[in-house]
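# Inside the fold
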Amino acid sequence: METEKTAAQKLAERKERLRNLHKLRQEARTHNHQEVVAEDARKKLPNNWEARKRQADWIVADEKAREEAKAKGLDYDRLKLLDVSAIDAEKIEKKKKKQNPDLGFSTFEAQTARQYNRLVKNMPARDMSKYEKQKEELGEAFYGGPNTIIHGLVKDTPAAINNMVKDLEQQIDRRKKYSRRRIYNDDADVDFINERNSKFNKKLERFYGEHTAEIKQNLERGTAI
């Protein structure tokens, strides 16, 4: 009788071990599946998504710390300098001196970047309550991505539309005032239909003239293929 009882106990122990192994296998399978889904989601994000997210989180934390310092009547910029060593402060100052705010017109990309920075600089202060609300409403789409469709998720306010129209009108007014008449050379080849087209052709010649000189000569001689 004692031998039969021992065998039954052994059988129960084996069954218990099998149940535990099966449970561990299911947990491992679930965990692996979650890791695969997370890895696939990370691959679909843009390359600089983590950097953009860190920057956004830093901005939120910085604004929060600034508000707390303001509530306590403290100078936040001075408090930040207390955490910066003299060596780091010197490096930051040298870096600022090396920066040239006006590089002139070098390329169309640089001109676009300058205009973008000017427009961003003239934007009003961030509304953190609106920022947090929009972040909560959009979820993952807030940071954008290759497969994110923003159209229809965000609606521009009338104030934002009016600001855009106002800025465009100011650009048009500035372009009207900027009109310098240049001396016309009668001996020069006429390859334009108006003054604006002439300016555009001169820019093309300045950037791409050396690469297209042979093609232009062949077209003028009529020997182009």
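For the structure itself, consult the block above.
Residues numbered from 1 in each chain as written. Predicted model: local features only at pLDDT ≥ 70, side-chain atom pairs only at ≥ 80, totals over all residues. Heavy atoms only, no water.

Our next topic: the pattern of salt bridges. On inspection of all chains with the given rule, the structure shows three salt bridges. Arginine 19 serves as the salt-bridge partner of glutamate 16, at 2.7 Å between the closest nitrogen and oxygen. Linking glutamate 16 with arginine 19, this pair stays in helix 1 (residues 2-44), spanning three residues, or about one helical turn. Exposure remark for glutamate 16: the relative accessible area of 38% places this residue in the partly exposed category. A salt bridge links lysine 53 to aspartate 57, with the nearest nitrogen and oxygen atoms 3.3 Å apart. In this pair, lysine 53 and aspartate 57 are both assigned in helix 2 (residues 49-71), four residues apart and thus about one turn of the helix distant. (Salt bridge = Lys/Arg side-chain N within 4 Å of Asp/Glu carboxyl O. Helix = DSSP H or I, 4+ residues; strand = E, 2+ residues; numbered from the N terminus. Buried < 20%, exposed > 50% of the residue type's maximum accessible area, 1.4 Å probe, protein only.)

Attention now goes to the packing of helix 2 against helix 6 (residues 128-138). As a packed pair, helix 2 and helix 6 sit with axes 12 Å apart at the nearest point and diverge in direction by 140°. As judged from the angle between their axes, helix 2 and helix 6 are oblique. Both helix 2 and helix 6 take part in a crossing whose hand is left-handed. Residue-level inspection shows Ala56, Asp57, Val60 and Glu63 of helix 2 in contact with helix 6, the latter providing Met128, Tyr131, Glu132 and Lys135. When its residues are assigned to classes, the contact of helix 2 with helix 6 shows four nonpolar, no polar and four charged. (Axes fitted to C-alpha atoms, helices over the stretch in contact; angles between N-to-C directions. Parallel < 35°, antiparallel > 145°, perpendicular 65-115°, else oblique. Left-handed = near helix turned anticlockwise from the far one by under 90°. Contact = heavy atoms within 4.5 Å. Nonpolar A, V, L, I, M, F, W, Y, C, P; charged D, E, K, R; others polar.)

Moving on to the packing of helix 5 (residues 108-121) against helix 7 (residues 158-177). Axes are the key here: two packed helices are described by the angle between their axes and the distance separating the axes. It is the contact of helix 5 with helix 7, at a shortest axis distance of 13 Å, that shows an interaxial angle of 130°. In terms of orientation, helix 5 lies oblique with respect to helix 7. In this structure, helix 5 meets helix 7 at a crossing whose hand is right-handed. Residues Gln115, Arg118 and Leu119 of helix 5 touch helix 7, and the partners they reach there are Asp167, Gln171 and Arg174. Looking at side-chain class alone, the contact of helix 5 with helix 7 contains one nonpolar, two polar and three charged residues.

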